[in-house]
Amino acid sequence: MAATTRTNNELMRKAKIAEATATDPIEKLRAACLRRGANGIQGLGRLFKIIDDDGSRSINFPEFKKAIDEYGLGFAKPEIEAMYKAFDTDNSGTIDFDEFLMALRPKMSKFRVDIINRAFEKSDKTADGKINMEDLKGVYNAKKHPKFLSGEWTEEQVFKQFLDTFDTKGQEDGTITREEFCNYYAGVSASIDQDAYFDLMMRNAWKI
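All of these numbers come straight from a predicted model, not from anything done at the bench.

Observations concerning helix α2 (residues 25–34)
Next, step 1: Taking burial as the measure, the 10 residues of α2 include eight buried ones, the bulk of the element.
Next, step 2: Residues of α2 that are buried: Ile 26, Lys 28, Leu 29, Arg 30, Ala 31, Ala 32, Cys 33 and Leu 34.
Next, step 3: Buried residues along α2 sit in contact with α1 (5–21), α3 (40–51), α4 (61–70), α5 (77–87), α6 (97–104) and α11 (178–189).
Next, step 4: A side-chain oxygen of the first residue of α2 lies 3.0 Å from the backbone nitrogen of Ile 26; this N-cap is Asp 24.

Here it is in structure tokens:
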């Protein structure tokens, strides 16, 4: 289930306020990403993957700055330097990609992390670490999507729109990795206060 317009708008509203008041560099970057909606962190993660030409899954400062600039978050160089230093906790001059994403994601309870992982594992029918359109069929409940209910879209269109949510423009591959799935739902989670509602949303969407 992709975030509803109402959920996304609420998330962006909260993020805008958080960015304006944040003093911690990591919180400021997190809020700037979430100001773009539930897929804001996932989008930045994809961009870092593209920039990581050698596939080392580590980020140096030039790569970090390039990604932030290309993502259009509007930060000045001193702000980007402060963010990089906040992530480079051991002063090694590089940031581990996985640790970067873990720190950037909004904090979630173990309860929410577990249900997100359960949804991914149920969907990944081939157990190859990726979800594609064939995996989604019979797992993701497209019939609850507002545009399917209104008759505007077919189930196939709902599936495609969901996969498109995880793709970076110009780098579309029609698949979702576990990392991208978790990044996306961490964004959705940030707009939902109650665990019970988050649990209900995930169960309804993924037939858990």
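Thoughts on α6
Next, step 1: When we look at burial in α6, the residues that qualify are Phe 97, Phe 100, Leu 101 and Leu 104. Along the axis of α6, the buried residues cluster in a sector spanning 95 degrees; they form a single face. Along α6, the residues that are exposed and aim more than 90 degrees away from the buried face are Glu 99 and Met 102.
Next, step 2: Here α6 starts with a cap whose side-chain oxygen sits 3.1 Å from the backbone nitrogen of Asp 98, and that cap is Asp 96.

Brief notes about the environment of Phe 181
Next, step 1: In this fold, Phe 181 is placed in helix α11.
Next, step 2: In this structure, the C-alpha to C-alpha distance between Phe 181 and Lys 125, residues 56 residues apart in sequence, is 15 Å.
Next, step 3: For Phe 181, the contacting residues outside a window of four places in its chain are Ile 116, Ala 119, Phe 120, Ile 131, Phe 166, Ile 176 and Trp 206.

What about the packing of α11 against helix α12 (residues 195–206)?
Next, step 1: Between α11 and α12, the least distance of the axes is 11 Å, while the angle of their chain directions is 135 degrees. As summarised for this structure, α11 and α12 are arranged oblique, according to the angle between their axes. Here the hand of the crossing between α11 and α12 comes out right-handed. Together, Phe 181, Tyr 185, Val 188 and Ser 189 of α11 and Phe 198, Met 201, Met 202 and Trp 206 of α12 make up the contact between the two elements.

About the criteria used
- Residues numbered from 1 in each chain as written.
- Predicted model: local features only at pLDDT ≥ 70, side-chain atom pairs only at ≥ 80, totals over all residues.
- Heavy atoms only, no water.
- Buried < 20%, exposed > 50% of the residue type's maximum accessible area, 1.4 Å probe, protein only.
- Helix = DSSP H or I, 4+ residues; strand = E, 2+ residues; numbered from the N terminus.
- Contact = heavy atoms within 4.5 Å.
- Polar contact = N/O pair within 3.5 Å; in protein donor to acceptor, adjacent residues only side chain to side chain.
- Arc of directions from axis to C-beta.
- Axes fitted to C-alpha atoms, helices over the stretch in contact; angles between N-to-C directions.
- Parallel < 35°, antiparallel > 145°, perpendicular 65-115°, else oblique.
- Left-handed = near helix turned anticlockwise from the far one by under 90°.

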